[in-house]
Amino acid sequence: MDAVTLLGWFIPVIFDKYLTSKLEDWSSTAGLTEEIKSLKSQLRKVSLIVGSAQGKQITNEYLAQSLREIQQLVYDAEDLLDEILYYQIQDEVEGANSTIASGSSSGPSSSSSQRLDNLAGHSRDFVVSTLLHRNETGRKRSLDINASSSRSKRMRLDKDDISRRIRGVVEQLNDIGEDVFRALQLEKLDAIHRSVGNAQASARQTTSFFTESKVFGRDEERDRIIEQFLSDECKDLHAIAIVGHGGVGKTTLARFVHNDSRVIETFQKRMWVCVSNNFDVVRLTHEMLDSVSDGRHKGIQNLDTLQKFLADSLESKRFLLVVDDMWEDMDETRWNLLLSPLRCNSVNGNCVLVTTRNLSIARMIGARDSVCLSGLKDDYFWPFFKACAFGNENHEGHPDLQNIGQKIAKKLNGCPLAARSVGALLRRNLGDSYWNGILDSAEWRSLKSVDSIMPALMLSYQHLPFYLQRCFSYCSLFPKSSNLCGSDLVYIWMAQGFIASSIDGKRFEDIGAEYLNELVDYGFIQQVGNFFVMHDLMHDLALMVSSRECHTIDAHQSREILPTVRHLSIVTRSAYMRGERFENLQYNENFEKEAVNVGNILKIERLSTLMVLGHYRHKFAKTLMDVFRNAKALRVLIFQVDNKDPYMFNFSDFIHLRYLQIHSQELPYQKQMPELISRLYHLQTLDVKQWNHLSCLPKGFNNLVNLRHFLAAKELHAKVDRIGRLTLLQELNEFNVKTKSGFELWQLGNLSELGGSLRIGGLWNVRTKQEASGGRIQGKKRLYELILSWGYQYFNTINPVETEVLEGLQPHLNLKSLKIIGCRSSTFPTWFSSIVNLRFLVLEGCTGWETLPSLEQLPFLESLTLKDMGAIRELAFGVSSGHATKCFSCLKNLVICNMEEWERWADGLNTWSLFPSLQQLEIVDCPKLREFPLLQFSSQDTDQYRLPLLFELKIVNCPILATLPPLPHTHVLRKIEITNVGSYKSWSLLDQRLSLYGSAELTSLGEVLMFDNLRFVLKRLVIDECVSLSSLPWKVFQTLICLEELKLRLPVLLSPSIEHRGLNSFLLPSLKKLDICSTGITGKHLSQLLQYTPSLSDLAISDCPNITWLKIGVLTYSDQGLLHMLPLFLCSLEKLRINDCANLVSLCIDGFRELTSLKYLTISNCPLLMSSLVLEDQLEESCVLPPSLRSLEVTNVPEELQTRLLSSLTPLNLLNISQSPSLTSLMFYYCTALQELTINGCNALVQLEGLRFLHQLKKLRVWRSPGFAVAWDSALQEEEMLGQEFHLPLEELHTDDAEVFTMRICRLLASVKRLVLGNTVWGLHPMQVVEFTEDQEKALELLNHLEDLELRCLNLRTLPTRLNWLSLRWLTISHCPNIKAMPERSLLANLQGLYLVGCSSELKEEYKSLEHIKFPTIR
């Protein structure tokens, strides 16, 4: 950074902030008058010298070095003045007794500290310092601090020491200044003046972040990638890499692919993760789960568990994973580890898209194709450049500028990022000379290829105003791809002094926000939602321009550190592989050595920023404390509390500190903030919001008279006593009035700068209007939200005192949000109508108010909540003299809750204009409400409804509310919840799903549903328990063109039948899933319905007694109970479930074979249907099921059917045969793809054939089938006798037969990872085992890979002793009350999860000793 420019900006700042009459007067009393005069004089001379070099380029390196030495000395001068100012503040805070010591003598002040309750005048004289600078080595401050005392003792200024140091700085400035002055006279400098971006751009301004709806010139690459993805149906993941240098548009192309409609339609799940330079498998797995799961993974760090969740979430779904910005050129191990759960998916055609700068990474990931991006072609780049420079790709004006712009564009070599950056620069000034100046800049000489865009970015940087250069370069301290909080960034800039004071009285925070927005406009920082990020290339630029003053120690990159560095960040998050707990963080030798070596290179005593970002080991914390022990000039400090040594820094040394951020690690929590923090009189921002369980503040916290931002839990805000001394405080979330001294309401009187949200609680302790007025609420012009709370225990009695107090709490006129809670006043305050700019209003628990204030006088009101207003019987807002008025034009949300006496709306609501903008209406727990006129027609002669923009409607627990109109009343209404309203049990519309439950009086859907407004919305319709509904309006259903799922549970007959007349070609063209349950529909009517559902893929029929016959194929006769399924109309049917149809009989000669698209079949509790599939004239080997079947679940299988049940089903993956007591044998010769097998309740099963063909069997569940184990063992014996190799790749076994472990088949269980002993349905035939025999113990010993054990054995007394407990990760013991003891603790060292339910108290007590278990559940 240019020393001349910095000094020209910085020295005037020193005069403004420090060399004031007030400081000079105090220095006089301290005996430092001459020293201050000489320093002031010397700084003026330096300013004159620097002024002569302003705007010139220094080419002489020796002269440049001398200027940098002056810069360092000016930093030291600022440190000295800041130190003197600290002692001045200390005098004002603690009393004007002498704090000056002569020589090295020291000691505490002889008199006690005097508390000052109003320091407002003093505070504004030293609001912000300028830069973080260093004190010279050897500086001494006399200090006597008793850390164990409740109040830390005051610090003493060593006059002789500071006088000596001032003289030293003055002498050096004089010597070097004379040399520089002579050099400037002799040196011939190039007078190259540059125009900075102060001119206002005439074209519209846009940000540089990718927000364009159009992507230029990447259609060919997009289509190439998408075509490969869509044409691939292979089992393994298909990976494609997008390769290119930074800023060429890799991420833009990835977004282009990710959001393409073809991709959205093809892939059921899409995931996006950003790697950057930290390939953390756990973090990336978390981010993938965030896109596809239900949130069960939150807080889990165990990779195995996370990957199980991920595999389950993606099962049977085709997905696309985008891995953006992959930097690390590593081996394949971690990459394969990340993708391992994705490769378990049974669906083909899954794809991965990776963006990277390195071709080596593309090779490492096994990319089938690499799309190498270069710069945009001229035909695309020039329109894109015009969009960046002029704001419009079709801009035809400014022909001269377009000619210059084309020349500039050619130098950018098609780089999109460079175009955005330079375009934003050009947009600032649409003048020929300005554009020619950029075109002719010498910086273009080094821009020769697309890989050399840094000079283009450097040119843009050099054209920034100096104050923005400082702010931008400082951001290099944060890791790449960091999400930066804008307010935090501004607070840090303030602490550095980068934000200059404003002559118009603007707050530093507002000026800083303007700086940040300017950097966004210039394209150096991007805004993403609520955060700000720097593109990687911009981060590289920041590293380059800040290298003399800023340095980052990061395990991912190593750079030379210069001795002039003043701002240091240590990024530990990339240095350690995080273990299960922080104490398991592994030692990183190279990283920690680099951190230690900083002390040998830098002058630590001059360091002004120290950020330690991330977790670290306790030993490393001690190392940091030793290395930075003398960093006494810090302005910014960010670190993490170490639980073993929480106060790793001596805060008494940090008298210059302006910004302090402290985080905490895991348990045990440190709850006490160090008392010494109360002596940081310069502190502007204290951020402890991530200090877990912090509950105690220093007793002298109110001494922090310069504190502007206390970022902490609101509970801590409420604990600050005598907060009135913190006159610069910008936000206070909560203040509770108490009778205790220091918490009086008048303490708020001096806090005129408060903004944001303020909650004032404990108002029952305020007794008079005068006392309430002492809080000066009306004077706090920056407050956005005000919450006035008397508590949540509501009383029906009226308190006149609270009426007066409420009058005294009048806010300012521009307040946006007001909440009044629990006030027992008799009426609303008189000032209510004056807050005309109010947007949000909550009135809660004001039980004495019988009427509401004139809310129509609040024209901008957007949200109104009325809750627990117990005296209101009629709502009359918007009604004047019995006539409705046009009001509430802005109201969007209306919530009325728990209004026990409310009976009706006022007369005069017969106008559609009362709530023209209302979007959300919620009425809950209003037991006396009788009428609801708001949804009726607006007048008799129009069809216009009230509430035309209503989007969400909720009416709950209003039992006597008589009638509601058919809903949704408009096509805008998309969310409806009606529960316990009149005759409605439940009526809901959410996420395109409509559910209607339990309306006993409903006879027609037209009474409740407005089908015309559901036509393009409804995808799922459920009608359940409507006992009086005897018919459905099938003709009206034809309008529901988007309906995909229909579930009917209606006990009465559906009639009349569906008529062909009047229907189009299809009744329900989009219907994919039809569920008919407990319904009186006949087979004939259902047959007619199925003819008009061409897209049906899932059909479920349950408990339909009027469906008695099933025929698939050609129909020979007709019957009312006959369900006729024509394959022609069911060509898309993939799932068929028939349950609990006891009377159903099949007339199908070929069974279900004609349903050729069927993949999933379930037949449960239909004994006649199963037995009717056995016909005498059928061939024994012919299968009754289609060969397309993947899953089969059946019950009541007759023995005669088993030979024809599984033949030809080679693709079958899942087989479940249950409740088949007559079944004696099963043959698996054709089940070569079977992965899951369940046998349940097959008591007669004694023979198994073809087990050796189960090559892929992973899960086996056998219950209540005692002959299965014997048959399995016999089959194994026969195979061995024939010399056949017998192998089952089982990973999961469920059994209630312990005899499995006494047979030779136990040798097949070595690969089992999950074992469940006992029936999973509690109380149903429990496993009869008391203890394991010796043979069973030996068999269990063979389970070397067992990770998950579940025991459900009612009589079991002891756990197996010879089990390989060390391999276990998860243990479940359910309803085993006789087990009293766990295995030895050492055997459970690797256990992560423990689930104890219905077990003995002794066993639950033993669990307490297993502290290492991360996921316990004890019930």
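Residues numbered from 1 in each chain as written. Predicted model: local features only at pLDDT ≥ 70, side-chain atom pairs only at ≥ 80, totals over all residues. Heavy atoms only, no water.

1. A look at the overall build of the protein
- Helix and strand counts for the protein come out as 34 helices and 54 strands.
- In the protein, the share of contacts with a sequence separation of at least 24, taken over all contacts with a separation of at least 6, comes to 66%.
- As displayed, the protein offers around 57900 Å² of accessible surface, 49% of which is attributable to carbon and sulfur atoms. (Helix = DSSP H or I, 4+ residues; strand = E, 2+ residues; numbered from the N terminus. Contact = heavy atoms within 4.5 Å. Areas by Shrake-Rupley, 256 points an atom, 1.4 Å probe, with all protein chains shown as cover.)

2. Considering the sheet that holds strand β15 (residues 659-664)
- Ordered by their spatial adjacency, seven strands build an open sheet running β11-β12-β13-β14-β15-β16-β17, and the pairing between neighbours is parallel. Across the chains shown, the open sheet's two edge strands, defined by having one partner strand only, are β11 (550-554) and β17 (709-711). Neighbour-to-neighbour, the strand axes of this sheet turn through a mean angle of 10 degrees, independent of strand direction.
- Here five bridges tie β11 to strand β12 (residues 567-571), and the two strands are oriented parallel to one another. Across the sheet, residue His551 finds its bridge partner in β12, namely Leu568. (Pairing = 2+ DSSP bridges. Axes fitted to C-alpha atoms, helices over the stretch in contact; angles between N-to-C directions.)

3. Examining the packing of aromatic side chains
- Tallied over the full model, the rule gives 22 aromatic pairs.
- Here the aromatic rings of Phe1011 and Phe1037 are separated by 5.8 Å at their centres, their planes lie at 50 degrees, and the arrangement is tilted. Here Phe1011 is found in the loop between β33 (993-997) and β34 (1020-1024), whereas its partner Phe1037 is found in helix α28 (residues 1034-1037), with 26 residues between them in sequence. Neither residue differs from the other here; Phe1011 and Phe1037 are each classed as buried.
- Connected via pairs of aromatic rings, a cluster forms that spans Phe216, Phe381, Trp382, Phe384 and Phe385.
- Sitting above the plane of the Tyr75 ring, Arg566 keeps its charged end 3.8 Å from the centroid.
- Lys1135 extends its terminal NZ or CZ atom over the ring of Tyr1160, reaching a point 5.2 Å from the ring centre. (Phe/Tyr/Trp six-rings, centres within 6.5 Å; stacked < 30°, edge-to-face > 60°. Buried < 20%, exposed > 50% of the residue type's maximum accessible area, 1.4 Å probe, protein only. Lys NZ or Arg CZ within 6 Å of the ring centre and 35° of its normal.)

4. Digging into helix α29 (residues 1083-1090)
- Extensive coverage of α29 is indicated by the burial of seven of its eight residues.
- Within α29, the full set of buried residues consists of Gly1083, His1085, Leu1086, Ser1087, Gln1088, Leu1089 and Leu1090.
- Against the buried residues of α29 lie α28, β36 (1073-1077), β37 (1098-1102) and β39 (1122-1125).

5. Side note on the pairing of strand β43 (residues 1191-1195)
- Burial within β43 is extensive, with four of its five residues counted as buried.
- Sheet analysis places strand β42 (residues 1160-1164) next to β43, joined by four bridges and oriented parallel. In the sheet register, Ile1163 faces β43, and the bridge partner there is Val1194.
- Bridge analysis of β43 against strand β44 (residues 1214-1218) gives five bridges, and the strand direction is parallel. For Ser1191, the partnering residue across the bridge sits in β44 and is Leu1214.

6. Topic: the environment of Leu63
- Topologically, Leu63 is positioned in helix α4 (residues 61-94).
- Taking the C-alpha atoms as reference points, Leu63 and Ala183, 120 residues apart in sequence, are found 7.0 Å from one another.

7. Brief notes about unusual backbone geometry
- A cis geometry characterises the amide bond from Leu967 onward to Pro968, with omega recorded as -10 degrees.
- Along the polypeptide, Pro968 turns up in the loop between β30 (952-958) and β31 (975-981).
- For Asp1140, which is not a glycine, the phi torsion comes out positive at approximately 55 degrees.
- Within the fold, Asp1140 resides in the loop between β40 (1135-1139) and β41 (1145-1146).
- Given the relative accessible area of 40%, Asp1140 is considered partly exposed.
- One non-glycine residue, His1375, lies in positive phi territory at about 55 degrees.
- Residue position: His1375 is located in the loop between β52 (1370-1374) and β53 (1393-1397).

8. Some points on the confidence of the model for the protein
- For the protein, the mean per-residue pLDDT works out to 82, and 85% of the residues sit at or above 70.
- Note on residues 188-211: pLDDT is under 50 here. Beyond four places in sequence and across chains, it has 55 contacts. (pLDDT = per-residue confidence, 0-100.)

9. What about the pattern of salt bridges?
- Following the criterion strictly, the structure yields 55 salt bridges and no others.
- A salt bridge links Lys40 to Glu24, with the nearest nitrogen and oxygen atoms 2.8 Å apart. Placement of the pair is Lys40 in helix α3 (residues 33-53) and Glu24 in helix α2 (residues 21-29), with a sequence separation of 16 residues.
- The partner of Lys480 in a salt bridge is Asp540, and the shortest N-O contact between them spans 2.8 Å. Separated by 60 residues along the polypeptide, Lys480 in the loop between α19 (466-474) and β8 (484-485) and Asp540 in helix α22 (residues 536-545) bring together distant segments of the chain. The same class applies to Lys480 and to Asp540, which are both buried.
- Because the salt bridges share partners, they merge into one network encompassing Glu1236, Arg1261, Glu1292, Arg1314, Asp1348, Glu1350 and Arg1352. (Salt bridge = Lys/Arg side-chain N within 4 Å of Asp/Glu carboxyl O.)

10. Side note on helix α33 (residues 1334-1341)
- Along α33, the residues classified as buried are Gln1336, Glu1337, Ala1339 and Leu1340. Down the axis, α33 shows its buried residues gathered within 160 degrees of arc, on one side only.
- Each element contacted by the buried residues of α33 is listed here: β50 (1314-1317). (Arc of directions from axis to C-beta.)

11. Remarks on the sheet that holds strand β5 (residues 319-326)
- Read across the sheet, five strands follow the order β4-β5-β6-β3-β7 without closing on themselves; strand pairing throughout is parallel. Unpaired on one side and paired on the other, β4 (269-276) and β7 (369-372) mark the two borders of the sheet. Across the sheet, the mean angle from the axis of one strand to that of its neighbour is 15 degrees, orientation sign disregarded.
- Strands in contact with helix α10 (residues 281-292) are β4 and β5; relative to β4, the strand with the most contacts, it is inclined by about 155 degrees.

12. Points about the packing of helix α23 (residues 589-601) against helix α24 (residues 618-627)
- It is at 9 Å that the axes of α23 and α24 come closest, and there the two elements cross at 15 degrees. Relative to α24, α23 is oriented roughly parallel. By crossing handedness, the relation of α23 to α24 is classed as left-handed. When α23 is examined against α24, the residues Phe591, Glu592, Ala595, Val596 and Gly599 are found in contact with a partner set consisting of Phe620, Thr623 and Val627. (Parallel < 35°, antiparallel > 145°, perpendicular 65-115°, else oblique. Left-handed = near helix turned anticlockwise from the far one by under 90°.)

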